[in-house]
Amino acid sequence: MRIILYTGKGGVGKTSISAATAIKCAQLGHQTLVLSTDSAHSLADSLEMEIGNGVAKIADNLYAEEVNVNYELKVNWGKIQSFITEFLHRRGFDDFIAEEFAIFPGMEELFSILKLKEYEEQGRFDVAIIDCAPTGSTARMLSFPDIIEWYMERFFHLQRKIVKTIRPIAERIAKVPLPTDEVYFSMEELYQKIDGMKEILTNPEYSSVRIVFNPEKMVIKESQRILTYLNLFNFPVDAAIANRLIPDAVDNSFFSQWKDIEAQYLRLAEESFNPLPIFKVHLFHREMVGREMLQQMADEIFQDKDPSTIFFKKRPMRVQKVNNDYLLTIPLPHSDKRDLDLWVRGDELIITMKNYRRNLLLPRTISALPLKEARFEGDELKIIFGGDEYGKSSS
Ligand SMILES: Nc1ncnc2c1ncn2[C@@H]1O[C@H](COP(=O)(O)OP(=O)(O)O)[C@@H](O)[C@H]1O
Ligand SMILES: [Mg+2]
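Quick caveat, the model's predicted, so the values are computed rather than measured. Each residue is numbered by its place in its chain's sequence as written, counting from 1. Naming scheme: in the order in which they are written, chains are lettered from A and ligands are numbered from 1. In keeping with the predicted nature of the model, local features appear solely for residues at pLDDT of at least 70, side-chain atom pairs appear and are counted solely at 80 or more, and the whole-chain, interface and lining totals rest on all residues. To obtain the side-chain values, all non-hydrogen atoms of the structure were included, while hydrogens and water were left out.

Undergrad: Let's hear about the packing of helix H9 (residues 217–232) against helix H10 (residues 253–273): which residues, and what values?
TA: Each pair of packed helices can be described by the angle between their axes along with the distance between the axes. What counts as an axis is a line fitted to C-alpha atoms, over the stretch in contact for a helix, and the angles between N-to-C directions run from 0 to 180 degrees. Helix and strand labels come from DSSP, where a helix needs a run of H or I of at least four residues and a strand needs a run of E of at least two; each type is numbered from the N terminus. It is at 10 Å that the axes of H9 and H10 come closest, and there the two elements cross at 5 degrees. As summarised for this structure, H9 and H10 are arranged roughly parallel, according to the angle between their axes. Contact residues: H9 offers Lys 217, Ile 220, Ser 223, Gln 224 and Leu 227, while H10 offers Tyr 265, Leu 268, Ala 269, Ser 272 and Phe 273. When an angle is under 35 degrees it counts as roughly parallel; over 145 it counts as roughly antiparallel; between 65 and 115 it counts as roughly perpendicular; any other value is oblique. Contact between two residues is taken to exist if any of their heavy atoms lie within 4.5 Å; hydrogens are not considered.

Undergrad: Can you break down helix H3 (residues 69–90) residue by residue, with the values?
TA: The largest bend in H3 comes to about 70 degrees, at Trp 77. Backbone geometry just after H3 places Gly 92 at a positive phi near 100 degrees. The term bend refers to the angle at a residue between two fitted axes, each drawn through seven residues, those ending there and those starting there.

Undergrad: An account of the pattern of salt bridges is needed here, citing residue identities and associated values.
TA: Here, a salt bridge means any Lys or Arg side-chain nitrogen found within 4 Å of an Asp or Glu carboxyl oxygen. In this structure the tally under the stated criterion is 18 salt bridges. Here Glu 65 and Lys 115 are joined by a salt bridge, their closest N and O atoms 2.7 Å apart. Note that Glu 65 is positioned in strand E4 (residues 62–66) and Lys 115 in helix H6 (residues 115–122), a separation of 50 residues in sequence. Exposure is judged per residue with a 1.4 Å probe applied to protein chains only, and the accessible area is read against the type maximum: over 50% gives exposed, under 20% gives buried, and values in between give partly exposed. For Lys 115, a relative accessible area of 16% translates into the label buried. Residue Asp 347 pairs with Arg 225 through a salt bridge whose shortest N-O separation is 3.8 Å. With Asp 347 in the loop between strand E11 (340–345) and strand E12 (348–353) and Arg 225 in helix H9, this residue pair connects regions lying 122 residues apart in the sequence. We classify Arg 225 as partly exposed; its relative accessible area is 34%. Each member of the salt-bridge network shares a partner with another, and the members are Arg 318, Glu 373, Arg 375, Glu 377, Glu 380 and Lys 382.

Undergrad: Break down the environment of Ala 19 for me, citing the residues and quoting the values.
TA: Turning to its location among the elements, Ala 19 is positioned in helix H1 (residues 14–27). Considering only alpha carbons, one finds Ala 19 and Ala 64, 45 residues apart in sequence, at a separation of 8.9 Å. Apart from residues no more than four positions distant in its own chain, Ala 19 is found in contact with Val 34, Leu 43, Ser 46, Leu 47 and Leu 294.

Undergrad: Hey, could you go over the domain arrangement of the protein chain for me, with residue numbers and the actual values?
TA: Domain delimitation in this document rests on an assignment produced automatically or drawn from a domain database. Here the protein chain is described as being made up of domain 1 (2–69 + 106–135 + 196–302), domain 2 (71–103 + 150–195) and domain 3 (318–385). In this structure, domain 1 and domain 3 have C-alpha centres spaced 29 Å apart. Counting from both sides, the interface comprises 10 residues of domain 1 and, opposite them, 11 residues of domain 3. Put simply, buried area is how much 1.4 Å-probe accessible surface two parts lose in total, over both of them, once they are put together. Summing both sides of the interface, domain 1 and domain 3 together bury roughly 970 Å²; the carbon and sulfur share of this comes to 47%. Of all residues in domain 1, the largest losses of buried area upon contact with domain 3 belong to Arg 225, Glu 271 and Asn 274, amounting jointly to 47% of the total for that side. For the pair domain 1 and domain 3, the number of links is 3 salt bridges. With its nearest N and O atoms 3.1 Å apart, the salt bridge here joins Glu 271 to Arg 357. Polar contact is the term for a pair of N or O atoms within 3.5 Å; when the atoms are in protein, one must be able to donate a hydrogen and the other to accept it, and sequence-neighboring residues count only if both atoms are side-chain atoms. Applying the counting criterion to the domain 1 and domain 3 interface returns 6 residue pairs in polar contact (both at pLDDT 80 or more). Of all the secondary structure elements, the ones that give two or more residues to the side of domain 1 that touches domain 3 are H9 and H10. Per element, the largest residue contribution to the side of domain 1 that touches domain 3 is 5 residues, and it comes from H9. A class-by-class count of the residues in the side of domain 1 that touches domain 3 yields 3 nonpolar, 4 polar and 3 charged. Classes in brief: Ala, Val, Leu, Ile, Met, Phe, Trp, Tyr, Cys and Pro nonpolar; Asp, Glu, Lys and Arg charged; the others, Gly included, polar.

Undergrad: Report on the sheet that holds E12, specifying residues and quantitative values.
TA: Note on pairing: DSSP must find at least two bridges between two strands before they are called paired. Sheet architecture is open: 3 strands sit in the order E11-E12-E13, paired in antiparallel fashion. Of all the strands in the sheet, just E11 and strand E13 (356–361) have a single pairing partner and so form its edges. For this sheet, the mean angle separating the axes of adjacent strands, direction not counted, is 15 degrees. As paired strands, E11 and E12 are joined by 6 bridges and run antiparallel to one another. Residue pairing for E12: Asp 341 is matched across the bridge by Thr 352. Along the sheet, H9 contacts E12 and E13; its crossing angle with E13, the most-contacted strand, is approximately 80 degrees.

This is the structure we're talking about:
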């Protein structure tokens with residue numbers, strides 16, 4: 001099953017483009033599912049169809065689902081949540097606050113895509129398109145598997161052993177509940193599911209994320225950030241889509257200035273997303289609702305290409321920790337170090353080389369460190385950050 005996730009800042013056009021992609025995929029004969037995980041669902045409005053509970057058939061080869069986020073949360077997290085709530089409550093937390101604390105941001109969305117594994121196993125769909133919640137929440141959702149893994153390995157395995165032997169005494173002394181076997185079992189089951197899903201989503205042979213953006217400064221900044229996150233957590237990205245471009249036909253002095261600004265931001269987008277392909281689509285004369293308009297949108301974006309194609313497979317950047325340093329590896333074929341120029345400005349890394357310019361946003365752990373060294377190894381540029389956190393290099 002081919003899996004495509006659309007992410008991007010709120011309002012950039014994720015839902016419209018997800019629906020448009022799905023329509024085109026279905027038309028090409030792929031059994032297609034478009035699934036929305038944003039609790040503020042708008043897929044049904046976009047498709048102008050009732051979706052209701054579960055998977056709804058929309059047209060030939062086309063199915064849609066708006067995941068009931070609260071239900072998925074209850075199924076996957078209910079027991080664990082009750083335990084955490086009870087734990088916090090006994091420590092004097094207000095009921096309401098305890099309940100809120102027991103839910104981590106990004107979790108609802110994560111649980112919504114756990115279904116993907118089932119669909120994958122059923123073999124019912126050829127293509128699954130995921131309309132994600134806005135970027136911030138997606139970033140947290142994607143880092144959540146790593147967080148839960150950390151807890152499982154360090155905390156829960158260890159705790160379980162201890163709890164088995166000391167529960168009766170410990171509960172009396174500590175005056176807090178200790179997790180029961182049921183809670184452990186629930187946690188373990190969830191861990192297995194999340195692990196399985198992460199394996200699917202990080203496989204570049206069939207999964208990819210696409211970043212939707214508008215040619216505006218804040219939107220592009222946020223897209224850079226999500227791209228860094230995706231790279232860090234190993235989620236393959238195969239394209240970016242620039243939406244709402246001013247149409248060529250618009251030709252008056254008011255908009256000519258906007259067009260210049262737009263061109264400038266498209267250049268920034270190219271520097272930021274290079275070497276990913278960028279697809280483009282213009283601002284339509286009205287809202288994107290109904291299958292006819294979505295069809296036009298898909299045709300403009302993908303033209304004669306199949307939207308389920310994997311448009312890019314390599315990883316644009318890798319980050320590894322080596323001793324106390326961070327090593328950033330960027331594939332840059334056919335380059336000569338003499339042409340290379342790079343500098344750090346805040347949390348941005350800017351690489352220029354002859355006509356090439358790359359603008360990367362560094363993860364915070366790295367941008368706090370000084371740039372130590374840059375060198376080419378074969379077709380790859382290796383950059384090392386390290387030394388003293390306060391800006392003085394120790395070497
Ligand atoms: N290219 C476009 N031309 C005209 N309207 C658009 C275009 N892309 C999106 N819209 C409209 O903008 C609004 C937000 O789009 P939507 O797809 O819901 O964004 P998101 O899912 O990212 O929040 C919707 O009303 C949609 O119809
Ligand atoms: Mg949306």
